[in-house]
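Now for the letters of each chain:
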Amino acid sequence: MGSVTWKSYVKYKFLFLLLLPALAYMIIFNYAPMYGVLIAFKDYSFTKGVWASPWVGFEHFHQLFNASTNFTRILRNTVVISGLKMIFTFGGAIVLALFINEIRSTAFKRITQNISYLPHFLSWVIIGSIMMEMLSPSNGVVNKIIELFGGQTIYFLADKYWFLSIIVASDIWQSIGWGSIIYLAAISGIDPQLYDSAKIDGAGRARQMFSITLPSIANVIAIMLILQVGSILNAGFDQIFNLYNFKVFEVADILDTYAYRAGLEQGNYSLSTAVSLFKNGVGLVLVLIANKIVNRMGHTGLW
Amino acid sequence: MGKQRLSLFDIFNYAALTIFCLSILYPFVYLINMSLSTSAGLYSRDFALFLWPEGFTLEAYRKFLSMNYVYSGYGSTIFRTVAGTVLSLIVMSGAAYALSKKYLPHLKIYTTIFVITMFFGGGLIPSYLLMRNLGLLDNVWILVLGPMVNAFYLLIIRNFFMSIPEELEESARLDGAGDIKIFTHVIIPLSLPVIATIGLWQAVNHWNAWFDSLIYINSMDKHVISVHIRRLVIEQNAAMNDQLINSLGSVQKKDMPAPESIRAAAIMVTIIPILCVYPFIQRFFVRGVMVGAVKG
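Residues numbered from 1 in each chain as written. Chains lettered and ligands numbered in written order. Predicted model: local features only at pLDDT ≥ 70, side-chain atom pairs only at ≥ 80, totals over all residues. Heavy atoms only, no water.

K.L.:
Before we move on, could you go through the overall build of chain A and cite the residues and values that matter?
P.N.:
From N to C terminus, chain A includes 15 helices and zero strands. What you see for chain A is a C-alpha radius of gyration of 25 Å, clearly larger than the 19 Å of a compact globule of 303 residues, by over 25%. Its C-alpha atoms put chain A at 75 × 70 × 35 Å along the principal axes. Relative to its 303 residues, chain A shows a buried fraction of 50%. Looking at chain A alone, contacts between residues at least 24 apart form 61% of all its contacts between residues at least 6 apart. In the structure as shown, chain A presents an accessible area of about 14300 Å², 65% of it carried by carbon and sulfur atoms. One way to put it: in chain A the 21 positive side-chain charges average out to a point 10 Å from where the 15 negative ones average out. (Helix = DSSP H or I, 4+ residues; strand = E, 2+ residues; numbered from the N terminus. Rg over C-alpha atoms; globule rule 2.2 N^0.38 Å. Buried < 20%, exposed > 50% of the residue type's maximum accessible area, 1.4 Å probe, protein only. Contact = heavy atoms within 4.5 Å. Areas by Shrake-Rupley, 256 points an atom, 1.4 Å probe, with all protein chains shown as cover. Lys, Arg positive; Asp, Glu negative; His and termini not counted. Charge placed at Lys NZ, Arg CZ, Asp CG, Glu CD.)

K.L.:
With reference to specific residues and values, describe the interface of chain A and chain B.
P.N.:
Each partner contributes residues to the interface: chain A has 87 residues there, and chain B has 96 residues. With both chains or domains summed, chain A and chain B bury close to 8400 Å², and 77% of this area falls on carbon and sulfur atoms. Applying the counting rule to chain A against chain B returns three salt bridges. Across the pair Arg263(B) and Glu133(A) runs a salt bridge, and its minimum N-O distance is 2.6 Å. At the boundary of chain A with chain B, the tally comes to 18 residue pairs in polar contact (both at pLDDT 80 or more). For the side of chain A that touches chain B, the element with the most residues is helix α2 (residues 13-36) of chain A, which contributes 18 residues. Partitioned by chemical class, the residues of the side of chain A that touches chain B number 59 nonpolar, 21 polar and seven charged. (Buried area = accessible area lost by both parts, 1.4 Å probe. Salt bridge = Lys/Arg side-chain N within 4 Å of Asp/Glu carboxyl O. Polar contact = N/O pair within 3.5 Å; in protein donor to acceptor, adjacent residues only side chain to side chain. Nonpolar A, V, L, I, M, F, W, Y, C, P; charged D, E, K, R; others polar.)

K.L.:
Got a sec to walk through the packing of helix α14 (residues 255-265) of chain A against helix α15 (residues 269-296) of chain A? Specific residues and values, please.
P.N.:
All names here are of chain A. Taken N-terminus to C-terminus, the directions of α14 and α15 make an angle of 160°; their axes are 7 Å apart at the nearest point. On the basis of their axis angle, the class for α14 and α15 is roughly antiparallel. For the pair α14 and α15, the sense of crossing is left-handed. Contacts between α14 and α15 involve Leu-255, Asp-256, Tyr-258, Ala-259, Ala-262 and Gly-263 on the former and, on the latter, Tyr-269, Leu-271, Ser-272, Val-275, Ser-276, Phe-278 and Lys-279. A per-class count over the contact of α14 with α15 returns eight nonpolar, three polar and two charged. (Axes fitted to C-alpha atoms, helices over the stretch in contact; angles between N-to-C directions. Parallel < 35°, antiparallel > 145°, perpendicular 65-115°, else oblique. Left-handed = near helix turned anticlockwise from the far one by under 90°.)

K.L.:
Hey, could you go over unusual backbone geometry for me, with residue numbers and the actual values?
P.N.:
Residues and elements named next belong to chain B. Even without a glycine there, the phi angle at His-106 is positive, about 60°. Residue placement: His-106 occurs in the loop between α4 (70-99) and α5 (107-116). A relative accessible area of 40% places His-106 in the partly exposed class. Non-glycine residue Gln-236 carries a positive phi angle of around 50°. Taking relative accessible area as the criterion, Gln-236 reaches 33% and is therefore assigned partly exposed.

K.L.:
Explain the packing of helix α5 (residues 71-102) of chain A against helix α11 (residues 205-230) of chain A to me, and be specific about the residues and the numbers.
P.N.:
Two packed helices can be described by the angle between their axes and the distance between those axes. Residue and element names in this part refer to chain A. Following both chains from N to C, one finds α5 and α11 inclined at 145°, their axes separated by 11 Å at the closest point. Once α5 is placed against α11, the crossing between them reads as right-handed. Between α5 and α11, the residues in contact are Met-86, Phe-90, Ile-94, Leu-98, Asn-101 and Glu-102 and Arg-205, Met-209, Thr-213, Leu-214, Ile-221, Met-224, Leu-225, Gln-228 and Val-229, respectively. Counted by class, the contact of α5 with α11 contains ten nonpolar, three polar and two charged residues.

K.L.:
Residues and numbers for the pattern of salt bridges, please.
P.N.:
Overall, the coordinates contain 16 salt bridges over all chains when judged by the stated rule. Note that Arg62(B) and Glu59(B) form a salt bridge whose closest N and O atoms lie 3.1 Å from each other. With Arg62(B) and Glu59(B) both in helix α3 (residues 59-65) and three residues apart, this pair spans about one turn of that helix. Overall, Arg62(B) belongs to the exposed group, its relative accessible area being 53%. What emerges from the salt-bridge pattern is a single network uniting Glu102(A), Arg104(A), Arg205(A) and Asp10(B).

K.L.:
Before we move on, could you go through the UniProt feature "transmembrane region" (unreviewed entry) in chain B and cite the residues and values that matter?
P.N.:
Residue and element names in this part refer to chain B. The sites that UniProt annotates as "transmembrane region" (unreviewed entry) are residues 12-32, 77-97, 109-129, 141-161, 182-204 and 262-281. Its end C-alpha atoms 29 Å apart, residues 77-97 is made of 100% helix and 0% strand. Between the end C-alpha atoms of residues 141-161 the distance is 29 Å, and the span holds 76% helix and 0% strand. (UniProt positions renumbered as here; feature names shortened; annotations may be inferred.)

K.L.:
Outline the side chain of Lys279(A), supporting the account with residue identities and numerical values.
P.N.:
Residue and element names in this part refer to chain A. Positionally, Lys-279 belongs in helix α15. Taking the relative accessible area as the measure of exposure, Lys-279 reaches 11% and is therefore buried. Leave out the neighbours within four places in its chain, and Lys-279 touches Leu-233, Asn-234, Leu-255 and Asp-256.

K.L.:
Tell me about the packing of aromatic side chains, and please be specific about residues and values.
P.N.:
Summed over the entire model, instances satisfying the criterion amount to 43 aromatic pairs over all chains. When the centroid spacing of 5.9 Å and the interplanar angle of 40° are considered together, the rings of Tyr44(A) and Tyr269(A) count as tilted. Of this pair, Tyr44(A) sits in the loop between α2 and α3 (49-52) while Tyr269(A) sits in helix α15, placing them 225 residues apart in sequence. A single burial state applies to Tyr44(A) and to Tyr269(A), both of which are buried. Between Tyr117(A) and Trp178(A), the ring centres sit 6.0 Å apart and the planes meet at 90°, which makes this aromatic pair edge-to-face. Placement of Tyr117(A) in helix α6 (residues 106-117) and of Trp178(A) in helix α9 (residues 163-188) is noted, with a sequence separation of 61 residues between them. Pairwise contacts between aromatic rings join Phe237(A), Phe241(A), Tyr244(A), Phe249(A), Tyr260(A), Trp210(B) and Phe211(B) into one cluster. When the ring centre of Trp51(A) is taken as reference, the NZ or CZ atom of Lys42(A) above it lies at 5.0 Å. (Phe/Tyr/Trp six-rings, centres within 6.5 Å; stacked < 30°, edge-to-face > 60°. Lys NZ or Arg CZ within 6 Å of the ring centre and 35° of its normal.)

Written as structure tokens, this is what we have:
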């Protein structure tokens with residue numbers, strides 16, 4: 001047995017040579033950090049390293065779930081922000097796809113699509129910078145407009161009542177066009193005969209949209225929604241990190257930003273790793289469940 | 001069917017989508033015109049939408065480009081984008097080819113090793129400690145190596161390789177081509193569409209990346225440009241602000257730009273390369289979404 005395998009390794013040595021660099025990369029850059037997760041159960045000290053640091057069991061998790069770290073606040077913010085994005089950006093992408101589909105001029109359709117994808121290619125450092133300039137209380141155009149109509153200057157990014165609206169609005173701006181691609185593709189796969197016979201039956205445009213277009217893409221919507229729920233603990237680190245500040249922590253601090261501050265600002269490596277492990281562990285379970293549901297529905301999910 | 005008249009819904013739809021497009025584009029218009037305005041133009045009016053520049057000067061760009069670390073910042077960004085994309089494509093397409101062969105021993109195990117990383121990771125601190133132990137902190141190669149292999153992209157390439165008929169390889173072998181020649185002269189040329197797509201994907205990721213530079217790099221002259229833009233605009237870093245104000249001179253001249261114009265110019269200089277290639281590359285990305293959606 002073993003010698004047969006060995007022989008086939010020799011036979012396919014070229015393939016293994018091709019595989020090796022990526023495999024080595026995975027083991028070093030992805031699996032070694034997984035081993036490093038052990039420090040969530042230890043009191044990590046740099047001089048001792050991961051293995052020799054003393055075990056403390058679930059102490060860091062106790063500390064995390066303790067009221068003093070505001071764990072409920074972080075978890076609530078994460079789920080609330082994800083949920084809002086699911087309603088507005090995810091839902092908005094479907095509405096946008098339906099609207100674009102109703103456009104008859106091909107040129108207008110194409111231009112609209114091309115413009116809508118554009119912000120997807122910008123990083124949150126750039127989008128955050130643009131927002132800082134436009135929302136600035138001293139010289140941003142938004143506050144200038146508010147003043148023009150006699151309103152009070154609003155500190156959008158430092159006001160916890162405004163912050164979430166800004167997060168959702170900028171997420172829509174960045175992602176709604178990109179999100180609509182998959183639905184437009186699904187719509188383009190609908191059999192045109194369905195529409196023709198509906199027209200003969202006297203169905204108007206609105207009727208066609210609700211009776212043909214929407215039901216035809218319901219599967220795709222369901223799959224995307226389930227996958228979205230599976231990643232509910234990813235509230236968007238890049239976005240929040242570039243826009244938040246201590247004045248809005250109450251509504252803006254999420255699991256990822258907390259892990260960043262605990263680890264790299266306060267040097268509490270073990271606590272930070274406990275947060276990441278909680279997030280990745282729960283996230284993994286959610287994705288597995290989501291995938292199971294998609295498969296149950298008779299579709300091929302992620303695998 | 002003939003031509004249908006525009007219904008009320010059509011009018012509403014065209015209007016709504018036009019407003020939508022304008023709201024996507026307006027921030028860019030605002031930035032461009034802000035970056036071209038002079039301080040005299042800016043401060044002469046209480047209110048402006050910046051649909052055109054208030055006054056005109058290119059001085060903001062000149063001032064930004066003469067700030068500290070701008071050249072080294074673009075140097076790092078360009079280096080990681082070029083080296084990172086090339087290296088990533090070589091390593092990923094090689095592995096994807098190996099994984100596309102059903103007769104590769106232990107294929108299932110190897111594929112699983114890649115797939116698992118799509119769903120679970122060690123997290124921020126374990127990765128940081130690893131980089132520290134590897135001695136890669138403050139080394140620009142960390143920016144190239146960190147995002148080198150992406151399991152999702154790798155599987156997309158593998159799926160494409162799987163769709164290439166085995167007969168093509170066999171006939172090349174009969175013509176006397178060896179393993180290496182088959183890979184470089186048959187498989188790769190046939191796969192250029194998917195390799196270009198993934199390459200563009202990686203290039204944009206590299207161009208936009210900032211977090212790895214922020215946490216792994218310490219030396220100012222090694223940071224990517226996004227980190228400097230972040231310090232200038234988002235953190236409103238005192239040292240950078242002082243430098244910016246000083247560069248304008250103690251007495252502000254009328255035809256000089258205001259600080260906000262220089263910040264707008266800084267943002268524009270990072271966006272412009274993306275805006276320039278965008279018309280040519282966006283269809284590749286759309287196609288990529290489809291490939292990814294068909295089978296992950």
